[in-house]
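Structural characterization, general
Letter by letter, the chains look like this.
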Amino acid sequence: MRKYSLEINGTVYENFTEEYLRKSLVAMLDGEPGEDNFLILDPAEPIQNSIYVQAWYENGIFDIETRIIHADNSYTHYLYKTPSLEEATKIFTEYYLYQKLPNITEWQDVTDTM
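Residues numbered from 1 in each chain as written. Predicted model: local features only at pLDDT ≥ 70, side-chain atom pairs only at ≥ 80, totals over all residues. Heavy atoms only, no water.

**As for the overall build of the chain**
To keep things clear, this is the line we draw: Secondary structure follows DSSP: runs of H or I at least 4 residues long count as helices, runs of E at least 2 residues long count as strands, and numbering of each begins at the N terminus. Here the globule rule reads 2.2 Å times residues to the power 0.38, and the radius of gyration is calculated from C-alpha atoms. It only takes one pair of heavy atoms within 4.5 Å for two residues to be counted as in contact. Here, Shrake-Rupley sampling with a 1.4 Å probe gives the accessible areas, and only protein chains in the shown set may cover a residue.
Assigned secondary structure in the chain consists of two helices and seven strands. Ordered by position from the N terminus, the helices and strands of the chain form the series β-β-α-β-β-β-β-α-β. Whereas a compact globule of 114 residues would reach a radius of gyration of roughly 13 Å, the chain reaches 13 Å, a difference of no more than 12%. Principal-axis analysis of the C-alpha atoms places the extent of the chain at approximately 40 × 30 × 25 Å. Sequence separation of 24 or more characterises 51% of the internal contacts of the chain that already satisfy a separation of 6 or more. Of the roughly 6,800 Å² of accessible surface on the chain, a fraction of 47% belongs to carbon and sulfur atoms.

In structure tokens:
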């Protein structure tokens, strides 16, 4: 299996299971407003030029982002918002289990805000 690290609110985990990843997303629902409530899934090698998938959860919405690195070392940063735990879980588990980047054609290009 491909190597990943999982960062949850600043703590990095190197060895984790799909179940732990799923539970970590569910746990985000219980975060208090204003507290750190983020998760970053970082593959050892890019997936379809994506160097990570990350999520913040606040006010009932998952802000999910990914960064795509281009051949010239520039990047494009994408944002997708969803209230759905099921959808967020699908994005993260497919990235983790199948090295599959979600269809980002509907995601917002937020590169200029970086």
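The rest of the description comes next.
**Here's the deal with the pattern of salt bridges**
Test applied: One side-chain nitrogen of Lys or Arg within 4 Å of one carboxyl oxygen of Asp or Glu is enough to make a salt bridge. Note on exposure labels: buried denotes an accessible area under 20% of the residue type's maximum, exposed denotes more than 50%, and partly exposed covers the range between, all computed with a 1.4 Å probe on protein chains only.
This structure, assessed with the given rule, holds three salt bridges. The salt bridge involving K81 is made with D63; its shortest N-O contact spans 3.1 Å. Of the two residues, K81 is situated in strand β6 (residues 75-82) and D63 in strand β5 (residues 61-69); the sequence distance between them amounts to 18 residues. Relative accessible area serves as the criterion here: at 22%, D63 is assigned to the partly exposed category. The salt bridge partner of K100 is E94, with a shortest N-O separation of 3.6 Å.

**Let's talk about helix α2 (residues 85-98)**
Put simply, the rule is: A helix is expected to span 1.5 Å multiplied by its residue count minus one. Here a polar contact is recorded for every N or O atom pair within 3.5 Å, except that within protein the pair must consist of a potential hydrogen donor and a potential acceptor, and residues adjacent in sequence are included only if both atoms are side-chain atoms.
The terminal C-alpha atoms of α2, which comprises 14 residues, lie 19 Å apart, in line with the 20 Å expected from a rise of 1.5 Å per residue. Against the buried residues of α2 lie β1 (4-8), α1 (18-27), β3 (38-43), β4 (50-58), β5 and β6. The backbone nitrogen of E86 lies 3.3 Å from a side-chain oxygen of the residue at the head of α2, namely S84. Note on α2: the residue one or two positions beyond its end, Q99, has a positive phi of about 55°.

**Some details on the sheet that holds strand β2 (residues 11-13)**
Convention followed: Here a strand pair is declared whenever DSSP counts at least two bridges between the two strands. A fitted line through C-alpha atoms represents every axis, and for helices the fit uses only the stretch in contact; the resulting angles, taken between N-to-C directions, go from 0 to 180 degrees.
Read across the sheet, seven strands follow the order β2-β1-β3-β4-β5-β6-β7 without closing on themselves; strand pairing throughout is antiparallel. Since the sheet does not close on itself, it has two edges, and those belong to β2 and β7 (108-109), each with one partner. The pairing of β1 with β2 spans three bridges and is antiparallel. Each residue of the ladder has a partner; that of E7, found in β2, is V12. Sitting on the sheet, α1 is in contact with β1, β2, β3 and β5, with an inclination near 25° to β1. The sheet strands contacting α2 are β1, β3, β4, β5 and β6, and the helix crosses β4 at an angle near 160°.

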